[in-house]
Amino acid sequence: MKPISLPLPSLRLIQFSLLSFLLVFASCKVQLVSNYDMELSNEINNTAKKVDNFYLTMQEIAADKRQFVNFSTSYIGIEVDLNSLVIKNRVRPLNAESTRIAEITLQLWEKYKEEHKKDNTLSNGLIRLNKKTFSDMFYAMQVAEEGKKVSNSPNP
Amino acid sequence: MPINFNLKDTFDEMLASAKQSAGEGGKEAKGVAKQFLQNRKERLQLLAELRLAGDLPDEKFMSRLEDEKLILEAELKAMAVISKSTAQNTAQSVINIFQSAVIKALPEVLRTTT
């Protein structure tokens, strides 16, 4: 396409329009999700490791020694970490999805804790199932956080 | 004085960039969805195994199936983040291309003021 040649008044009008466009859009930044947070990503990893360690340790202990009281401190410690993940996600703008994932993880943690408390033991099968469930939940949490990197990738 | 602004070329460039961004996001989403399905398959296999071995009474089995709904919700939320993130990247790249084409079209004196 050839460059357009225009009389001076029309040219000025177009230049003015282009300049107006730039002034309006110069600071225009599309934001649909919150920015990637490396610190939070590390926190997710650390909590995932704690949960993994918790169930692997429990698996090594004989079934008749898996009374709730022997694990209550660890349950509380991990619940504190999960609460922290919920709060940190909740305060970030445009972060409803990650917040919900953290809330569901906490909800399941509390539910399985109550189950253990009620039964006062946990079978090998349930340990495997709980471990797998949380591993998958942390994977979803990490996918959501890492997914925000896509929006931070360089644009032309 | 000619205006060096080629709308067709600019739109073509915007379209190519949008296709590239959307394509990259789509690939990532596909990989994640595949992993989610694999995880689900493994969990359901384990659930069935525990139920058949008598490790999970019926009430608990049903309760765990309810939990699967929550896990699915979490996985869909994670997919939504990837989609939004891709859309954000696509929209931003398109705006950036248009903006830089407009800046190039402006005379030097106006360009430095923006």
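Residues numbered from 1 in each chain as written. Chains lettered and ligands numbered in written order. Predicted model: local features only at pLDDT ≥ 70, side-chain atom pairs only at ≥ 80, totals over all residues. Heavy atoms only, no water.

Here we take up the confidence of the model for chain B. Should pLDDT be low for a region, the predicted coordinates there are not to be read in detail. On average, residues of chain B score 88 in pLDDT, and 90% of them reach the 70 mark or higher. When mean pLDDT is taken per element in chain B, helix 2 (residues 58–105) of chain B scores highest with 92 and strand 1 (residues 2–3) of chain B scores lowest with 62. (pLDDT = per-residue confidence, 0-100. Helix = DSSP H or I, 4+ residues; strand = E, 2+ residues; numbered from the N terminus.)

What follows deals with the nonpolar core. Among the nonpolar cores identified, the biggest contains 47 residues, and Tyr55 and Trp109 of chain A are the most heavily contacted of them. When contributions to this core are tallied by element, the ones reaching two or more residues are helix 2 (38–60), helix 3 (72–90), helix 4 (96–119) and helix 5 (124–152) of chain A together with helix 1 (7–52) and helix 2 of chain B. With 10 residues, helix 5 of chain A is the largest single contributor of residues to this core. (Core = buried A, V, L, I, M, F, W, Y, C linked by side-chain atoms within 4.5 Å. Buried < 20%, exposed > 50% of the residue type's maximum accessible area, 1.4 Å probe, protein only.)

A word on the packing of aromatic side chains. Inspection of every chain in the model, using the stated rule, returns 12 aromatic pairs over all chains. Site record: aromatic cluster; members linked through ring pairs are Phe54, Tyr55, Phe68, Phe71, Tyr75, Trp109, Tyr112 and Phe134 of chain A. The positively charged end of Arg51 of chain B is found above the aromatic ring belonging to Phe61 of chain B, 6.0 Å away from the centroid. (Phe/Tyr/Trp six-rings, centres within 6.5 Å; stacked < 30°, edge-to-face > 60°. Lys NZ or Arg CZ within 6 Å of the ring centre and 35° of its normal.)

The next subject is the packing of helix 1 of chain B against helix 2 of chain B. All names here are of chain B. At a closest axis distance of 9 Å, the pairing of helix 1 and helix 2 adopts a crossing angle of 170°. Judged by the inter-axis angle, helix 1 sits roughly antiparallel to helix 2. In terms of residue class, the contact of helix 1 with helix 2 is made up of 21 nonpolar, eight polar and nine charged. (Axes fitted to C-alpha atoms, helices over the stretch in contact; angles between N-to-C directions. Parallel < 35°, antiparallel > 145°, perpendicular 65-115°, else oblique. Nonpolar A, V, L, I, M, F, W, Y, C, P; charged D, E, K, R; others polar.)

This paragraph deals with the pattern of salt bridges. Applying the stated criterion across every chain, the model contains 25 salt bridges over all chains. Between Lys131 of chain A and Asp52 of chain A there is a salt bridge whose closest N-O contact spans 3.6 Å. Placement of Lys131 of chain A in helix 5 and of Asp52 of chain A in helix 2 is noted, with a sequence separation of 79 residues between them. Overall, Lys131 of chain A belongs to the partly exposed group, its relative accessible area being 25%. A relative accessible area of 31% means that Asp52 of chain A is categorised as partly exposed. Here Glu115 of chain A ties to Arg64 of chain B by a salt bridge, and the two come within 3.0 Å at their closest N and O atoms. Separated into two different chains, Glu115 of chain A in helix 4 and Arg64 of chain B in helix 2 make up a pair that spans both. Like Arg64 of chain B, Glu115 of chain A is buried. Each of Lys132 and Asp136 of chain A together with Arg40, Glu42, Arg43, Glu68 and Glu75 of chain B takes part in one network of salt bridges that share partners. (Salt bridge = Lys/Arg side-chain N within 4 Å of Asp/Glu carboxyl O.)

Moving on, we get to the environment of Tyr36 of chain A. Tracing the chain through its elements places Tyr36 of chain A in the loop between helix 1 (8–25) and helix 2. One polar contact links Tyr36 of chain A to Glu146 of chain A, side chain to side chain, over a distance of 3.3 Å. (Polar contact = N/O pair within 3.5 Å; in protein donor to acceptor, adjacent residues only side chain to side chain.)

Attention shifts here to helix 1 of chain B. Compared with an ideal rise of 1.5 Å per residue, which puts 46 residues at 68 Å, helix 1 of chain B spans 66 Å between its outermost C-alpha atoms and is within 8% of the ideal. Gly54 of chain B lies just past helix 1 of chain B and shows a positive phi near 80°. (Expected span 1.5 Å × (residues − 1).)

Glancing now at the side chain of Arg92 of chain A. Residues and elements named next belong to chain A. If you trace the backbone, Arg92 turns up in the loop between helix 3 and helix 4. A distance of 3.4 Å separates a polar atom in the side chain of Arg92 from a polar atom in the side chain of Ser34. One polar contact links the side chain of Arg92 to the main-chain carbonyl oxygen of Asn35, over a distance of 2.6 Å. Excluding residues that lie within four positions of it along the chain, Arg92 makes contacts with Ser34, Asn35, Tyr36, Asp37, Leu40, Glu145 and Lys148. (Contact = heavy atoms within 4.5 Å.)

Here the focus is the packing of helix 3 of chain A against helix 4 of chain A. All names here are of chain A. Two elements in contact, helix 3 and helix 4, have axes separated by 8 Å at closest approach and are oriented at 160°. Between helix 3 and helix 4, the angle is such that the two are roughly antiparallel. As helix 3 packs across helix 4, the resulting crossing turns out to be left-handed. Only Ser98, Thr99, Ala102, Glu103, Thr105, Leu106, Trp109, Glu110, Tyr112, Lys113 and His116 of helix 4 make contact with helix 3, whose side of the interface consists of Tyr75, Ile78, Glu79, Leu82, Asn83, Leu85, Val86, Asn89 and Arg90. Looking at the contact of helix 3 with helix 4 residue by residue, the classes come out as nine nonpolar, six polar and five charged. (Left-handed = near helix turned anticlockwise from the far one by under 90°.)

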